[in-house]
Each structure stands twice: as structure tokens, then as C-alpha cells.
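# What the coordinates show
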Amino acid sequence: MHSSEVNSMRPYVVGCMLSLSVLGISANLLADEKPQIRLVLQITVDGLRGDLLNRYQAGLGKDGFQYLMKKGTTYTNAHYQHANTETIVGHATLATGANPSQHGLIGNVWFDREAKELSYNIEDPDAPILPTREESTEGDQVDPAQKLARTKGRSPVVMLAPTFGDGLVAYNGGRSKVFGVSSKDRSAVAMAGQVGKAFWYSTDNGDFVTSKYYYDEYPEWVQAWNAERKAEKYAGTKWELSAPESSYLLIEQDDRPYEMDLKGFGRTFPHSFGDGDNKALYTQILFSSVGDELLADFAKELIVNEKLGKGVFPDYLSVSFSGVDAVSHFFGTSSLENEETVRVLDNTLADFLKFVDKKVGLKHTLIVLSADHGNPDMPEYMTEQGYTVGRVDPEELVAVANKAGDELGVNEVVRFFYRPYLYLDEEKIAAAGLDPVKIEARVAEAVTEMEGIEIAVSTKQLAAQEGTLLLEQIRRNHHPIRSGDIYVAQSPYWFLFDEGAIANMHGSPWRYDTHVPIIFVGPGIEAQKVHRQVHPVDVAPSLAAALGMSPPAAAQGQPLKEVLE
Ligand SMILES: [Zn+2]
């Protein structure tokens, strides 16, 4: 309702007041049209490209995604504005309302210039994981970014901008509670911010863990959840399709030679989980719909035990589901596994919303659903459809870069390549008495000429270059200390990552990777579709504005007017 309509109704309301009071109806109910927000629930579906809910609509129930779409404001044209569309980058952008150049999380991996090593985004030796068991074997790590972590400690201290949750706690005098949970550590930690608490799934043992940054010991309810060994119960079972085969759009996209077989998990349904002694089990769970189900189960316990939505001030819970992204990395975005994971998550979400309604009341809950990035289709799949593309060989890319450096007099000028950045050896360039700007420009030029590379650009020269959309995206991704010397972007649908590590990789600046859903549901928010272009940096300022707060300190987005009206 617009404020002018409220004003025009006022005389009528005042006129009725007496008789309503006689009937025992509080006048406050009339003055205060919107129910109070007791819980802000931020749901992130990792890797849920902006068109996937449309593609799978026929297979979705009415109480999950479709409930949110029918009940709330759905932004159909929401795009990230930064170039490196990776998980930590997108989550930190959603949480802070800032671009990576500002919040500092420019990639899942960056070069630690002091140690001269690559580092994993949220690693922190001062924040070790609190053990959940006396003995625990180490699970198989298949996440290429996690593999580079030099320590098991995790914390948000690398975040350079406050989150919505950080602001919420300060605004309410410390009386709001803030939690972030996910199957991935980085997706829990980024959303919880500096002030909140985070829990995430461990591929070592299927428990939900936290670090010393947040707690000295586990709350009792977490110990109790872990003691049930819920993940272990899937040992020796199979991940099977949940609906009749004929109901799947992608039923023919299951057995394809370019999908990966994850440690005996298989390429096709039914996928076999390892047995209890098999350390692959807990990783395989993450690469199925089961990880999302365990996460929702854990989040329910959290709501009850931490009494979320029961205080005078609103609490915040972020739940980031990783299943859709995980299966896309191994089986592709247009795979049967992707469709099945979205469908199971739809049921999981329906059940979770019902639970929130019972415990907090959906009418008191402000919900926002989005994704941290979209997802591409694999080059082989696109080629089958008649759009011929391929995979860039990173070793060849480094060889091309080194050859260009060599021609200017620096032997092996590349120190590291971890997409999207090339890091050059500054010491060698200085020792040769050469101008780094000149070397970078020449190396970038040589790499740009490679097949499958759209552009390689010296980040020192970003400010001086004309602003195409692509350069703007690269600029928004640039942090002067953490970013590398040359940003490398592949051409549309080309794959640019380590050969063999994963089958499919997002992270490009193209629309399939920048497009995500944004859906707001809550008190006063109308049911509508909005087709105007908006951006995930707008999410945190919108949440803040809905509660009457200033935006998070470094936010660069704008409150969305549909959330405020
Ligand atoms: Zn992701």
C-alpha cells in the first residue's frame, strides 16, 4: 500500500476506532499494518543459475521454490557485476552489499604476497577447527581451492567489509543473534560475518564443525546432532531418482563420457555411496542431494536450540545449500544430477519453510533467496548441441606467457597461474631492470591471442583502459594487494581450470555465470515479477532498509524499492 493511500484512509480508521475498541480489537493492529519481523532468513543456493527454476518448473512442488515465487517479489534479471563469479566472491557480495574490490574476497584462492604462496580464502592458522570426535580420519578433499589451504583453521578475518548481520547486531544493541550454516566452510563463514557464528559440514566425518574463532567448545545441541552420526547412515546406500524417469527433462543427460566418476560414485543413477570405512563417503554425500537434506536438518536444530525468532529483536540465519553447485562441477549444469538435486532441494525447502512457519511464523520472517553465481554448460555438451568450444590448457597458457617474458629477457616470468589471475615474478623483472608494466602488457597480449581466451589484461593498466562492460567487471574484482598481475577471462563456454580436477567450472564474466535469482518474501512485500536489471549488491542494503537500518558500512548497492514499499 502506498503512503498516499494510507493517508486517504486515515479519517475512516479514526472514525471506526471507538467501535473497534468496544469490540476489543487493538487500535495498534490498524496503525501497524505489517507484522513484526522476528527472523531474517537468507537462503543461498550455490550455483543456481537464474534460469534453472524456470527450466525445472514442471517438476517443482507448490510449497518450495514456487511458494517463494508466488508469494514474493521475484527479480528475473539479477546479475553479478564482478568478473570472477566464484563461491566466496558471490557470498561475500551478498553478505556485504559490496563488490569484491571493496570486500576483498576476490577469488576462492589468491596469492599470499608475504609468504609467496597461494592461499585459500578463509584459512586462518589462529582459528583451528574444534574437534568433534576423539579420533577422526581425514576425508578426501576434491575441492581444488580447499586443497591449497595451508591450515585447517577458518575465520572471517580476511573480510574487509561488514556484513548485514554485523550491522544488525550493532543496531540492536547486541540483542540480535546471527548464524551462518552451509555444507561449505566459506559459504557459512562469509555470511556470518565478523560478529555471527558459523557451522559447516565436514567432509572428514560428516559432522557439522566450527572453529576457535567462534567458540571454545561446541554447544550441547551441536554435540548431540553430531553424536547421531546422520551422515554415516548413508554408508552402503544409493542415491536414486526420487520421481518417475519420464518426469525428468534431462533424463537423457545422465551417462556422458565427459562427466566424472567420483571415487566409485559412478556417472549414472543410482549412484553408490561408499561404505562407512570408505573415507570417500562424506565427500560423495556433498556431491548428491543428501548434503542439502543434512544441512536443513542441522538448521532446524539451530533454530530451536538457539531460539531464533523468539526475542524482541530480529535474528538472522543464513542457510547456503551447496548440492546444486557440487553436482554441476562433476556432472555438468545440464545433467540429470543437476535436475534431481534441484527437485530434492525443492522438497527440502518446502519442509524447511513449514518448520520455520511453525517455530517462528512465516508472517514474521523476511526471506531472501539468491545464489552466489550461475553456472555454465560444459564445452562438450555445447559442442554436441552444435556450438563448438573447448578447454584451454592452463599449462599451455603458462608456456605462452613465459615465452612472451623470455622474449623480453625474463626467464620463466610466471610465478603462479590460478585462474583468473596470472602472478608474475616481480623480483626477476626487477633484477632484469625491466618495466613491469611493459612486461605485463606484452604477456597479456600474447595470452589474449590464444584460442578460447577472450581477454588477458594487465591489472596495473585497468584504470587507464576504456570501460567496456568486461573491463568494468574485471575492475570491480580488483583488489590492489590480493589480485594478480594479469586477469585472464575465457571466451563464452570455454573451460579454464586445471585439467582433470573437475568437469565443469563457473567463474567466467559471462551471463550464464552472472545471472542468479533474487526473491524477497516477507511482511508487506507484494507478489510480483520484476524484470528490471538489479544486482546482488542490492540484497544486503534491501534487508537493512526493510528493518529501518542504514546499509552495511561498505555497501555499494541500493535498497530495492519493491522491498521497501
Ligand atoms: Zn558457489
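It should be noted that the structure appears before, not after, this text.
Residues numbered from 1 in each chain as written. Predicted model: local features only at pLDDT ≥ 70, side-chain atom pairs only at ≥ 80, totals over all residues. Heavy atoms only, no water.

## A word on the overall build of the protein chain
Operational definition: Only DSSP runs of H or I covering at least 4 residues are called helices, and only runs of E covering at least 2 are called strands; the numbering of each starts at the N terminus. Throughout, the radius of gyration refers to the C-alpha atoms, and the reference size of a globule is 2.2 Å times the residue count to the power 0.38. Here's how the labels work: a residue is buried when its accessible area is under 20% of the maximum for its type, exposed when over 50%, partly exposed in between, all with a 1.4 Å probe on protein chains only. In what follows, a contact means two residues having at least one pair of non-hydrogen atoms within 4.5 Å. Computed with the Shrake-Rupley method and a 1.4 Å probe, the accessible areas treat only the protein chains shown as cover for residues. Working convention for charge: Lys and Arg count positive, Asp and Glu count negative, and His plus the chain ends are omitted. Here the site of a charge means NZ on Lys, CZ on Arg, CG on Asp, or CD on Glu.
Within the protein chain, the secondary structure is distributed over 21 helices and 17 strands. Computed over the C-alpha atoms, the radius of gyration of the protein chain is 24 Å, within 12% of the 24 Å expected from 2.2 N^0.38 for a compact globule of 565 residues. Projecting the C-alpha coordinates of the protein chain onto the three principal axes gives extents of approximately 90 × 55 × 50 Å. Burial statistics for the protein chain: of 565 residues in total, 59% are counted as buried. Within the protein chain, residue pairs in contact and separated by at least 24 positions form 75% of the contacts whose partners lie at least 6 positions apart. About 22500 Å² of surface is accessible on the protein chain, with carbon and sulfur atoms providing 50% of the total. Both charge centroids of the protein chain, one from 52 positive and one from 78 negative side chains, sit 6 Å from each other.

## Describing the coordination of the zinc ion
Note the cut-off: Water is absent from the atoms considered, so a metal site may look incomplete; donors are defined as N, O and S atoms within 2.8 Å of the metal, or 3.2 Å for Na, K and Ca. Any site counts as irregular unless it has four donors with all angles between 85 and 135 degrees, making it tetrahedral, or four or six donors with opposite ones more than 155 degrees apart and the rest between 65 and 115, making it square planar or octahedral.
Protein coordination at the zinc ion: the donors are D46 (OD), T87 (OG1), D372 (OD) and H373 (NE2), at 1.9 to 2.2 Å from the metal. Coordination geometry of the zinc ion: the four donor atoms subtend angles of 94 to 137° at the metal centre, consistent with an arrangement described as irregular. Donor residues for the zinc ion, ordered by position in the chain, follow D-x40-T-x284-D-H. With T87 in helix α5 (residues 87-96) and H373 in the loop between β11 (365-370) and α14 (379-385), the pair connects residues that are 286 residues apart, well separated along the chain. By relative accessible area, which is 1% here, T87 ends up buried. With relative accessibility at 0%, the residue H373 sits in the buried group.

## Overview of the packing of helix α11 (residues 290-305) against helix α13 (residues 336-359)
Here is the rule we go by: In this description, a line fitted to the C-alpha atoms serves as the axis of each element, helices being fitted only across the stretch in contact, and the angle between N-to-C directions of two axes falls anywhere from 0 to 180 degrees. Each angle gets one of four labels, with under 35 degrees taken as roughly parallel, over 145 as roughly antiparallel, 65 to 115 as roughly perpendicular, and the rest as oblique.
Taken N-terminus to C-terminus, the directions of α11 and α13 make an angle of 10°; their axes are 10 Å apart at the nearest point. Comparing their axes, α13 and α11 come out roughly parallel. Here α11 contributes D292, E293, A296, A299, K300, I303 and V304 to the contact with α13, which in turn contributes T341, V344, L345, T348, D351, F352, F355, V356 and K359.

## Some thoughts on the nonpolar core
Quick note on the threshold: What is meant by a nonpolar core is a set of buried Ala, Val, Leu, Ile, Met, Phe, Trp, Tyr and Cys residues, joined one to another through side-chain atoms within 4.5 Å.
Membership of the largest hydrophobic core comes to 139 residues, with the highest contact counts inside it found for F65, F164, F199, L317 and F520. Core analysis: the next-biggest nonpolar cluster, separate from the first, contains 29 residues, Y258, A401, F417 and A503 among them.

## Describing the pattern of salt bridges
Here is the rule we go by: Definition used for salt bridges: Asp or Glu carboxyl oxygen within 4 Å of a side-chain nitrogen of Lys or Arg.
On inspection of all chains with the given rule, the structure shows 33 salt bridges. Between R49 and D377 there is a salt bridge, with the nearest N and O atoms lying 3.8 Å from each other. Placement of the pair is R49 in the loop between β1 (39-45) and α3 (52-55) and D377 in the loop between β11 and α14, with a sequence separation of 328 residues. Given the relative accessible area of 8%, D377 is considered buried. Residue E440 pairs with K460 through a salt bridge whose shortest N-O separation is 2.5 Å. Of the two residues, E440 is situated in helix α17 (residues 436-448) and K460 in the loop between β14 (453-458) and α18 (469-476); the sequence distance between them amounts to 20 residues. The class of K460 is partly exposed, set by a relative accessible area of 45%. When salt bridges with common partners are traced through the structure, they connect D112, E117, E123 and R150 into a single cluster.

## Structural notes on the pairing of strand β6 (residues 197-201)
What counts, and what does not: Here, a strand pair is defined by DSSP locating no fewer than two bridges between the strands.
Extensive coverage of β6 is indicated by the burial of four of its five residues. Here four bridges tie strand β5 (residues 178-182) to β6, and the two strands are oriented parallel to one another. Across the sheet, the residue bridging to S182 is W200, located in β6. With two bridges joining them, β6 and strand β7 (residues 208-209) adopt antiparallel strand pairing. Its bridge partner being in β7, Y201 is matched across the sheet by F208. Counting the residues that bridge the hairpin from β6 to β7 gives six residues, and of these G206 lies at a positive phi of roughly 80°.

## Details of the environment of E259
This is how it is decided: Any pair of nitrogen or oxygen atoms within 3.5 Å is treated as a polar contact; in protein, a donor-acceptor pairing is required on top of that, and neighbouring residues in sequence qualify only through side-chain atoms on both sides.
Checked against the element boundaries, E259 lands in the loop between β8 (238-239) and β9 (271-272). Classification of E259 as buried rests on a relative accessible area of 5%. As for E259 and F330, which are separated by 71 residues in sequence, their C-alpha atoms are 5.9 Å apart. A polar side-chain atom of E259 sits 3.0 Å from a polar atom in the side chain of R256.

## Let's talk about the packing of aromatic side chains
The cut-off we apply is this: Any pair of Phe, Tyr and Trp rings, taking the six-membered ring for Trp, is counted once the centres come within 6.5 Å. Such a pair is stacked with planes under 30 degrees apart, edge-to-face with planes over 60 apart, and tilted for the rest.
Scanning all chains against the criterion turns up 23 aromatic pairs. Ring geometry for F111 and F416: centres 5.4 Å apart, planes at 55°, overall tilted. Placement of F111 in strand β3 (residues 109-112) and of F416 in strand β12 (residues 414-418) is noted, with a sequence separation of 305 residues between them. Judged by relative accessible area, F111 falls into the buried class, the value being 6%. Judged by relative accessible area, which is 26%, F416 ranks as partly exposed.

## Some words on helix α8 (residues 185-192)
With eight of eight residues buried, α8 lies mostly within the body of the structure. Along α8, the residues that are buried comprise D185, R186, S187, A188, V189, A190, M191 and A192. Of the residues trailing α8, G193 is marked for its positive phi of about 70°.

## Comments concerning the sheet that holds β6
Reading across the sheet, the nine strands line up as β7-β6-β5-β10-β1-β11-β16-β2-β17 and stay open at both edges, with mixed pairing between neighbours. Pairing within the sheet leaves two strands with one partner each, and these edge strands are β7 and β17 (528-530). This element, α11, spans β5, β6, β7 and β10 (315-321) of the sheet and lies at about 170° to β10.

## Overview of α5
Among the ten residues of α5, ten are classified as buried, and the element is accordingly described as predominantly covered. Along α5, the positions that sit buried rather than exposed are T87, I88, V89, G90, H91, A92, T93, L94, A95 and T96. G97 sits one or two residues past α5 and shows a positive phi near 75°.

## Concerning the sheet that holds strand β15 (residues 486-490)
The four strands are arranged β12-β13-β15-β14 in an open sheet whose pairing can be described as antiparallel. With one partner strand each, in any of the chains shown, β12 and β14 form the two edges of the open sheet. Strand-to-strand twist of the sheet, defined as the mean angle between neighbouring strand axes without regard to direction, takes the value 20°. Bridge analysis of β14 against β15 gives five bridges, and the strand direction is antiparallel. Residue V457 lies in a different strand from β15, and its bridge partner there is Y487. The strands touched by helix α15 (residues 394-407) within the sheet are β12, β13 (421-424), β14 and β15, with β12 carrying the most contacts at an inclination of about 150°.

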